[in-house]
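Geometric and topological summary
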Amino acid sequence: MITPNKNERTILVTGTAGFIGFHVARRLLHMGQTVIGIDNLNDYYSVKLKQDRLQLLNNSQFIFEKIEREDREAVTALFAKHKPSVVIDLAAQAGVRYSLENPFSYIDSNIVGFINILEACRHHHVDHLIYASSSSVYGMNKKMPFSVEDNVDHPVSLYAATKKANELMAHTYSHLYQLPTTGLRFFTVYGPWGRPDMALFRFTKAILEGNPIDVYNHGNMKRDFTYIDDIVEGIIRLIDHPPVPNPIMGLHPGTSHAPYKIYNIGNNKPVKLLDFINAIEDKLGIRAKKKLLPMQDGDVPATYANIDDLIRDVGYKPDTSIEEGVSKFIDWYKDYYGIK
Ligand SMILES: NC(=O)c1ccc[n+]([C@@H]2O[C@H](COP(=O)([O-])OP(=O)(O)OC[C@H]3O[C@@H](n4cnc5c(N)ncnc54)[C@H](O)[C@@H]3O)[C@@H](O)[C@H]2O)c1
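These remarks concern the structure in this document.

Conventions adopted
- Residues numbered from 1 in each chain as written.
- Predicted model: local features only at pLDDT ≥ 70, side-chain atom pairs only at ≥ 80, totals over all residues.
- Heavy atoms only, no water.
- Helix = DSSP H or I, 4+ residues; strand = E, 2+ residues; numbered from the N terminus.
- Rg over C-alpha atoms; globule rule 2.2 N^0.38 Å.
- Contact = heavy atoms within 4.5 Å.
- Areas by Shrake-Rupley, 256 points an atom, 1.4 Å probe, with all protein chains shown as cover.
- Lys, Arg positive; Asp, Glu negative; His and termini not counted.
- Charge placed at Lys NZ, Arg CZ, Asp CG, Glu CD.
- Buried < 20%, exposed > 50% of the residue type's maximum accessible area, 1.4 Å probe, protein only.
- Right-handed = clockwise from strand over helix to strand, strands pointing away.
- Pairing = 2+ DSSP bridges.

With respect to the overall build of the protein
- Counting its regular elements, the protein contains 11 helices and 13 strands.
- For a compact globule of 340 residues, the expected C-alpha radius of gyration is about 20 Å, and the protein comes in at 19 Å, within 12% of that figure.
- Taken along its principal axes, the extent of the C-alpha atoms in the protein is 55 × 45 × 40 Å.
- Residue pairs at least 24 apart in sequence account for 81% of intrachain contacts in the protein once pairs closer than 6 positions are excluded.
- Total accessible area on the protein is roughly 14,700 Å²; 53% of this is exposed by carbon and sulfur atoms.
- The distance from the centre of the 38 positive side-chain charges to the centre of the 39 negative ones in the protein is 3 Å.

Printed below as a string of C-alpha coordinates:
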(Lines give C-alpha, C1' and ligand atoms only; values in the text may rest on other atoms or scores of the structure.)
Protein backbone atom coordinates (compact mmCIF):
# COMPACT_ATOMS: atom_id res chain seq x y z
CA MET A 1 0.00 0.00 0.00
CA ILE A 2 1.31 3.44 -0.88
CA THR A 3 1.36 5.87 2.07
CA PRO A 4 -1.97 7.74 1.74
CA ASN A 5 -0.84 11.34 2.28
CA LYS A 6 1.78 11.87 -0.37
CA ASN A 7 3.17 15.00 1.25
CA GLU A 8 3.77 13.26 4.56
CA ARG A 9 5.84 10.47 3.20
CA THR A 10 9.62 10.41 3.09
CA ILE A 11 11.36 9.53 -0.15
CA LEU A 12 14.94 8.32 -0.11
CA VAL A 13 16.91 9.19 -3.23
CA THR A 14 20.37 7.60 -3.46
CA GLY A 15 23.04 9.20 -5.63
CA THR A 16 21.57 12.67 -4.99
CA ALA A 17 24.85 14.39 -5.83
CA GLY A 18 24.84 12.56 -9.17
CA PHE A 19 23.33 13.74 -12.44
CA ILE A 20 19.98 11.93 -12.39
CA GLY A 21 19.61 11.74 -8.59
CA PHE A 22 20.07 15.49 -8.29
CA HIS A 23 17.38 16.24 -10.88
CA VAL A 24 14.94 13.76 -9.32
CA ALA A 25 15.50 15.16 -5.81
CA ARG A 26 15.09 18.73 -7.07
CA ARG A 27 11.79 17.90 -8.74
CA LEU A 28 10.49 16.07 -5.64
CA LEU A 29 11.41 19.05 -3.44
CA HIS A 30 9.53 21.39 -5.82
CA MET A 31 6.55 19.09 -5.37
CA GLY A 32 6.75 19.58 -1.58
CA GLN A 33 8.03 16.10 -0.75
CA THR A 34 10.44 15.34 2.06
CA VAL A 35 13.60 13.93 0.53
CA ILE A 36 16.47 12.10 2.18
CA GLY A 37 19.53 12.13 -0.05
CA ILE A 38 22.64 9.99 0.19
CA ASP A 39 25.81 9.92 -1.86
CA ASN A 40 29.44 8.98 -1.18
CA LEU A 41 30.69 11.92 -3.29
CA ASN A 42 33.34 9.73 -4.90
CA ASP A 43 35.87 11.21 -7.32
CA TYR A 44 34.95 9.21 -10.44
CA TYR A 45 34.38 12.72 -11.82
CA SER A 46 34.53 16.27 -10.44
CA VAL A 47 33.56 16.31 -6.75
CA LYS A 48 32.98 20.06 -7.08
CA LEU A 49 30.26 19.45 -9.66
CA LYS A 50 28.61 17.02 -7.22
CA GLN A 51 28.86 19.51 -4.36
CA ASP A 52 27.46 22.32 -6.51
CA ARG A 53 24.47 20.15 -7.39
CA LEU A 54 23.90 19.46 -3.68
CA GLN A 55 24.03 23.20 -2.95
CA LEU A 56 20.98 23.68 -5.18
CA LEU A 57 19.04 21.14 -3.14
CA ASN A 58 19.44 23.21 0.01
CA ASN A 59 15.88 23.20 1.33
CA SER A 60 14.19 22.61 4.71
CA GLN A 61 12.58 19.44 3.29
CA PHE A 62 15.95 17.99 2.26
CA ILE A 63 18.30 16.01 4.49
CA PHE A 64 21.62 14.85 3.09
CA GLU A 65 23.86 12.16 4.51
CA LYS A 66 27.25 11.24 3.06
CA ILE A 67 26.94 7.47 3.03
CA GLU A 68 28.43 4.66 0.99
CA ARG A 69 25.84 2.11 -0.15
CA GLU A 70 28.16 -0.80 0.51
CA ASP A 71 28.43 0.24 4.17
CA ARG A 72 25.76 -2.08 5.53
CA GLU A 73 25.64 -0.59 9.02
CA ALA A 74 25.31 2.95 7.70
CA VAL A 75 22.48 1.95 5.32
CA THR A 76 20.68 0.03 8.08
CA ALA A 77 20.95 3.02 10.45
CA LEU A 78 19.76 5.39 7.72
CA PHE A 79 16.55 3.42 7.14
CA ALA A 80 15.94 3.04 10.88
CA LYS A 81 16.30 6.79 11.36
CA HIS A 82 14.31 8.12 8.42
CA LYS A 83 11.88 5.28 7.64
CA PRO A 84 11.44 6.08 3.93
CA SER A 85 8.27 4.73 2.33
CA VAL A 86 9.61 5.10 -1.22
CA VAL A 87 13.20 4.51 -2.30
CA ILE A 88 14.60 5.76 -5.62
CA ASP A 89 17.98 4.10 -5.92
CA LEU A 90 20.16 5.99 -8.39
CA ALA A 91 23.57 5.68 -6.75
CA ALA A 92 25.91 3.40 -8.66
CA GLN A 93 29.25 3.20 -10.31
CA ALA A 94 28.14 4.33 -13.76
CA GLY A 95 30.04 4.22 -17.06
CA VAL A 96 30.60 1.35 -19.46
CA ARG A 97 34.26 1.87 -20.31
CA TYR A 98 35.48 2.45 -16.76
CA SER A 99 34.20 -1.03 -15.85
CA LEU A 100 37.06 -2.47 -17.90
CA GLU A 101 39.56 -0.44 -15.87
CA ASN A 102 38.16 -0.74 -12.36
CA PRO A 103 35.85 -3.78 -12.19
CA PHE A 104 35.89 -4.00 -8.39
CA SER A 105 34.26 -0.61 -7.89
CA TYR A 106 31.26 -1.95 -9.88
CA ILE A 107 30.95 -5.02 -7.69
CA ASP A 108 31.29 -2.97 -4.50
CA SER A 109 28.89 -0.21 -5.43
CA ASN A 110 26.42 -1.94 -7.75
CA ILE A 111 26.22 -5.41 -6.25
CA VAL A 112 27.13 -5.11 -2.55
CA GLY A 113 25.53 -1.66 -2.40
CA PHE A 114 22.33 -2.90 -4.01
CA ILE A 115 21.87 -5.88 -1.68
CA ASN A 116 22.13 -3.46 1.25
CA ILE A 117 19.35 -1.35 -0.25
CA LEU A 118 17.19 -4.42 -0.93
CA GLU A 119 17.64 -5.76 2.60
CA ALA A 120 16.85 -2.39 4.15
CA CYS A 121 13.74 -2.02 1.95
CA ARG A 122 12.62 -5.51 2.93
CA HIS A 123 13.01 -4.97 6.68
CA HIS A 124 11.35 -1.55 6.57
CA HIS A 125 8.44 -2.69 4.37
CA VAL A 126 9.08 0.02 1.81
CA ASP A 127 6.04 0.68 -0.43
CA HIS A 128 8.03 0.92 -3.64
CA LEU A 129 11.67 0.54 -4.64
CA ILE A 130 12.55 2.15 -7.96
CA TYR A 131 16.11 1.50 -9.12
CA ALA A 132 18.32 2.31 -12.09
CA SER A 133 19.09 -0.35 -14.64
CA SER A 134 20.46 0.50 -18.07
CA SER A 135 19.96 0.07 -21.81
CA SER A 136 23.40 -1.56 -21.77
CA VAL A 137 21.75 -4.82 -20.61
CA TYR A 138 20.65 -5.30 -24.25
CA GLY A 139 24.30 -5.88 -25.22
CA MET A 140 24.72 -6.55 -28.93
CA ASN A 141 21.03 -7.38 -29.47
CA LYS A 142 20.09 -6.70 -33.09
CA LYS A 143 16.29 -6.61 -32.89
CA MET A 144 15.16 -2.99 -32.66
CA PRO A 145 13.60 -1.31 -30.83
CA PHE A 146 14.81 -3.01 -27.64
CA SER A 147 11.89 -4.43 -25.68
CA VAL A 148 11.78 -5.48 -22.02
CA GLU A 149 10.51 -8.79 -23.39
CA ASP A 150 13.80 -9.43 -25.24
CA ASN A 151 16.44 -11.81 -23.98
CA VAL A 152 19.21 -9.92 -22.18
CA ASP A 153 21.59 -12.72 -21.29
CA HIS A 154 24.56 -11.48 -23.30
CA PRO A 155 25.97 -8.31 -21.68
CA VAL A 156 29.24 -7.02 -23.19
CA SER A 157 30.56 -5.06 -20.19
CA LEU A 158 30.79 -5.72 -16.48
CA TYR A 159 28.74 -2.56 -15.95
CA ALA A 160 25.87 -4.09 -17.94
CA ALA A 161 26.26 -7.37 -16.06
CA THR A 162 25.87 -5.58 -12.70
CA LYS A 163 22.70 -3.87 -13.94
CA LYS A 164 21.23 -7.16 -15.15
CA ALA A 165 22.26 -8.69 -11.80
CA ASN A 166 20.37 -5.90 -10.02
CA GLU A 167 17.22 -6.81 -11.93
CA LEU A 168 17.60 -10.47 -10.93
CA MET A 169 18.30 -9.58 -7.30
CA ALA A 170 15.24 -7.30 -7.24
CA HIS A 171 13.12 -10.11 -8.61
CA THR A 172 14.04 -12.44 -5.77
CA TYR A 173 13.05 -9.80 -3.22
CA SER A 174 9.77 -9.10 -5.01
CA HIS A 175 9.07 -12.84 -4.99
CA LEU A 176 10.24 -13.76 -1.49
CA TYR A 177 9.15 -10.67 0.43
CA GLN A 178 6.52 -9.07 -1.85
CA LEU A 179 8.71 -5.98 -2.13
CA PRO A 180 7.35 -3.94 -5.05
CA THR A 181 10.34 -3.19 -7.29
CA THR A 182 10.55 -1.26 -10.54
CA GLY A 183 13.76 -1.35 -12.59
CA LEU A 184 14.32 1.42 -15.10
CA ARG A 185 16.50 0.85 -18.13
CA PHE A 186 17.67 4.39 -18.93
CA PHE A 187 18.85 5.19 -22.44
CA THR A 188 21.82 7.65 -22.71
CA VAL A 189 20.61 10.48 -20.51
CA TYR A 190 21.83 14.02 -21.21
CA GLY A 191 21.10 17.59 -20.16
CA PRO A 192 22.17 20.40 -17.81
CA TRP A 193 24.33 19.32 -14.84
CA GLY A 194 25.24 16.24 -16.89
CA ARG A 195 28.14 13.87 -16.42
CA PRO A 196 31.63 14.95 -17.54
CA ASP A 197 32.46 11.41 -18.73
CA MET A 198 29.59 11.35 -21.23
CA ALA A 199 29.72 12.32 -24.91
CA LEU A 200 27.81 15.61 -24.84
CA PHE A 201 29.93 17.03 -22.02
CA ARG A 202 33.22 15.79 -23.50
CA PHE A 203 32.39 17.01 -27.01
CA THR A 204 31.23 20.44 -25.85
CA LYS A 205 34.35 20.92 -23.72
CA ALA A 206 36.74 19.77 -26.47
CA ILE A 207 35.11 21.85 -29.20
CA LEU A 208 35.14 25.01 -27.05
CA GLU A 209 38.80 24.40 -26.20
CA GLY A 210 39.69 23.83 -29.87
CA ASN A 211 40.64 20.19 -29.27
CA PRO A 212 39.66 17.25 -31.51
CA ILE A 213 36.81 14.98 -30.44
CA ASP A 214 37.08 11.17 -30.41
CA VAL A 215 34.35 9.71 -32.61
CA TYR A 216 34.14 5.97 -32.09
CA ASN A 217 33.09 3.33 -34.62
CA HIS A 218 33.90 6.05 -37.21
CA GLY A 219 30.63 7.76 -36.28
CA ASN A 220 28.50 4.74 -37.20
CA MET A 221 26.72 4.73 -33.86
CA LYS A 222 23.13 5.41 -32.97
CA ARG A 223 21.91 6.35 -29.54
CA ASP A 224 18.43 6.88 -28.16
CA PHE A 225 19.56 10.08 -26.39
CA THR A 226 17.03 10.94 -23.68
CA TYR A 227 16.69 14.39 -22.12
CA ILE A 228 16.99 14.51 -18.34
CA ASP A 229 13.59 16.17 -17.71
CA ASP A 230 11.91 13.35 -19.64
CA ILE A 231 13.66 10.76 -17.46
CA VAL A 232 12.60 12.63 -14.32
CA GLU A 233 8.99 12.86 -15.50
CA GLY A 234 8.92 9.11 -16.12
CA ILE A 235 10.31 8.38 -12.65
CA ILE A 236 7.89 10.76 -10.91
CA ARG A 237 4.89 9.21 -12.67
CA LEU A 238 5.99 5.72 -11.71
CA ILE A 239 6.32 6.44 -7.97
CA ASP A 240 2.63 5.85 -7.34
CA HIS A 241 2.42 2.94 -9.77
CA PRO A 242 4.09 0.14 -7.88
CA PRO A 243 4.04 -3.05 -9.93
CA VAL A 244 1.30 -5.60 -9.42
CA PRO A 245 1.81 -9.33 -9.87
CA ASN A 246 1.13 -10.58 -13.39
CA PRO A 247 -0.31 -14.10 -13.36
CA ILE A 248 0.67 -14.77 -17.00
CA MET A 249 4.32 -14.07 -16.28
CA GLY A 250 6.10 -16.50 -18.60
CA LEU A 251 4.78 -14.63 -21.62
CA HIS A 252 6.11 -11.26 -20.49
CA PRO A 253 9.71 -11.30 -19.25
CA GLY A 254 9.53 -7.64 -18.09
CA THR A 255 6.87 -8.61 -15.52
CA SER A 256 6.37 -11.47 -13.06
CA HIS A 257 4.04 -13.37 -10.77
CA ALA A 258 5.70 -11.16 -8.12
CA PRO A 259 5.32 -7.34 -7.73
CA TYR A 260 8.17 -6.71 -10.16
CA LYS A 261 8.43 -4.66 -13.33
CA ILE A 262 11.08 -3.44 -15.72
CA TYR A 263 10.58 -0.41 -17.99
CA ASN A 264 12.63 1.15 -20.74
CA ILE A 265 12.82 4.93 -20.48
CA GLY A 266 14.22 6.24 -23.75
CA ASN A 267 13.38 8.81 -26.35
CA ASN A 268 12.19 6.15 -28.80
CA LYS A 269 13.99 8.07 -31.57
CA PRO A 270 17.61 6.96 -32.10
CA VAL A 271 19.94 9.62 -33.47
CA LYS A 272 23.13 9.08 -35.48
CA LEU A 273 26.20 10.15 -33.54
CA LEU A 274 27.23 12.48 -36.38
CA ASP A 275 23.81 14.20 -36.28
CA PHE A 276 24.17 14.59 -32.53
CA ILE A 277 27.58 16.20 -33.06
CA ASN A 278 26.02 18.41 -35.72
CA ALA A 279 23.47 19.71 -33.20
CA ILE A 280 26.33 20.60 -30.83
CA GLU A 281 28.29 22.33 -33.61
CA ASP A 282 25.22 24.32 -34.72
CA LYS A 283 24.50 25.54 -31.21
CA LEU A 284 28.15 26.44 -30.54
CA GLY A 285 28.66 27.90 -34.02
CA ILE A 286 31.96 26.00 -34.24
CA ARG A 287 32.85 22.98 -36.42
CA ALA A 288 34.44 20.08 -34.52
CA LYS A 289 37.79 18.53 -35.43
CA LYS A 290 36.81 14.87 -35.56
CA LYS A 291 39.18 12.00 -34.83
CA LEU A 292 37.48 8.93 -36.31
CA LEU A 293 38.32 5.83 -34.27
CA PRO A 294 37.30 2.15 -34.15
CA MET A 295 34.66 0.83 -31.79
CA GLN A 296 35.69 0.58 -28.13
CA ASP A 297 35.53 -2.65 -26.14
CA GLY A 298 32.33 -2.97 -24.13
CA ASP A 299 30.45 -0.50 -26.33
CA VAL A 300 27.42 -1.26 -28.52
CA PRO A 301 26.67 0.18 -31.98
CA ALA A 302 23.05 1.20 -31.40
CA THR A 303 20.33 1.63 -28.78
CA TYR A 304 16.63 2.20 -29.37
CA ALA A 305 13.93 1.92 -26.67
CA ASN A 306 10.52 0.37 -27.05
CA ILE A 307 8.51 2.38 -24.51
CA ASP A 308 5.04 0.91 -25.07
CA ASP A 309 4.79 -0.20 -21.43
CA LEU A 310 5.62 3.26 -20.10
CA ILE A 311 2.99 4.82 -22.36
CA ARG A 312 0.40 2.20 -21.37
CA ASP A 313 1.01 2.33 -17.62
CA VAL A 314 1.64 6.02 -16.94
CA GLY A 315 0.57 7.70 -20.19
CA TYR A 316 3.96 9.20 -20.81
CA LYS A 317 6.34 9.45 -23.74
CA PRO A 318 9.60 11.44 -23.68
CA ASP A 319 9.40 14.19 -26.30
CA THR A 320 12.36 16.58 -26.05
CA SER A 321 14.14 16.96 -29.39
CA ILE A 322 17.92 16.69 -29.64
CA GLU A 323 18.18 20.31 -30.79
CA GLU A 324 16.24 21.58 -27.77
CA GLY A 325 18.03 19.34 -25.27
CA VAL A 326 21.52 20.04 -26.62
CA SER A 327 20.78 23.76 -26.63
CA LYS A 328 19.72 23.68 -22.97
CA PHE A 329 22.83 21.72 -22.04
CA ILE A 330 25.16 24.16 -23.79
CA ASP A 331 23.43 27.17 -22.20
CA TRP A 332 23.98 25.54 -18.80
CA TYR A 333 27.59 24.57 -19.60
CA LYS A 334 28.55 28.09 -20.64
CA ASP A 335 26.82 29.62 -17.66
CA TYR A 336 28.35 27.15 -15.16
CA TYR A 337 31.89 27.57 -16.50
CA GLY A 338 31.52 31.30 -17.16
CA ILE A 339 32.10 31.05 -20.93
CA LYS A 340 30.89 33.98 -23.04
N1 LIG B 1 23.26 8.83 -17.25
C2 LIG B 1 22.94 7.83 -18.07
O3 LIG B 1 22.93 7.96 -19.30
C4 LIG B 1 22.53 6.50 -17.51
C5 LIG B 1 22.12 5.50 -18.41
C6 LIG B 1 21.73 4.26 -17.91
C7 LIG B 1 21.75 4.03 -16.55
N8 LIG B 1 22.17 5.00 -15.69
C9 LIG B 1 22.16 4.70 -14.26
O10 LIG B 1 21.44 5.72 -13.59
C11 LIG B 1 21.98 5.94 -12.29
C12 LIG B 1 22.35 7.39 -12.13
O13 LIG B 1 23.35 7.71 -13.12
P14 LIG B 1 23.99 9.15 -13.27
O15 LIG B 1 24.16 9.40 -14.71
O16 LIG B 1 23.24 10.11 -12.42
O17 LIG B 1 25.43 8.85 -12.63
P18 LIG B 1 26.28 9.73 -11.60
O19 LIG B 1 27.62 9.08 -11.52
O20 LIG B 1 26.23 11.16 -11.98
O21 LIG B 1 25.50 9.55 -10.24
C22 LIG B 1 25.70 8.48 -9.36
C23 LIG B 1 25.97 9.06 -7.99
O24 LIG B 1 26.07 7.96 -7.09
C25 LIG B 1 27.17 8.20 -6.21
N26 LIG B 1 27.66 6.89 -5.81
C27 LIG B 1 28.34 5.99 -6.57
N28 LIG B 1 28.60 4.89 -5.86
C29 LIG B 1 28.08 5.11 -4.63
C30 LIG B 1 28.03 4.33 -3.44
N31 LIG B 1 28.57 3.13 -3.41
N32 LIG B 1 27.41 4.85 -2.36
C33 LIG B 1 26.85 6.07 -2.38
N34 LIG B 1 26.87 6.86 -3.49
C35 LIG B 1 27.48 6.37 -4.59
C36 LIG B 1 28.18 8.99 -7.01
O37 LIG B 1 29.02 9.78 -6.18
C38 LIG B 1 27.30 9.84 -7.91
O39 LIG B 1 27.08 11.11 -7.35
C40 LIG B 1 23.14 4.97 -12.16
O41 LIG B 1 22.69 3.78 -11.58
C42 LIG B 1 23.53 4.70 -13.60
O43 LIG B 1 24.18 3.46 -13.74
C44 LIG B 1 22.55 6.24 -16.14
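After that view, the rundown keeps rolling.
Some thoughts on the pairing of strand β6 (residues 181-186)
- Counting buried residues along β6, six of its six residues qualify, which places the element largely inside the surrounding structure.
- Burial of β6 is two-sided: the residues Thr181, Gly183 and Arg185 facing one way and the residues Thr182, Leu184 and Phe186 facing the other way are all buried.
- The parallel pair strand β5 (residues 128-134) and β6 is bridged by helix α6 (residues 158-177), and the resulting crossover is right-handed.
- Taken together, the six bridges between β6 and strand β11 (residues 260-265) define a ladder with parallel strand orientation. Along β11, the bridge assignment pairs Arg185 with Asn264.

Let's talk about the pairing of β5
- Taking burial as the measure, the seven residues of β5 include seven buried ones, the bulk of the element.
- Both faces of β5 are covered, namely the face carrying His128, Ile130, Ala132 and Ser134 and the face carrying Leu129, Tyr131 and Ser133.
- Direction of pairing for strand β4 (residues 86-89) relative to β5: parallel, over a ladder of four bridges. Directly across from Asp89, in β5, lies its bridge partner Tyr131.
- Pairing of β5 with β6, which is carried by six bridges, proceeds in the parallel orientation. Its bridge partner being in β6, Ala132 is matched across the sheet by Leu184.

None of the figures reported here should be taken as evidence of function without further support.
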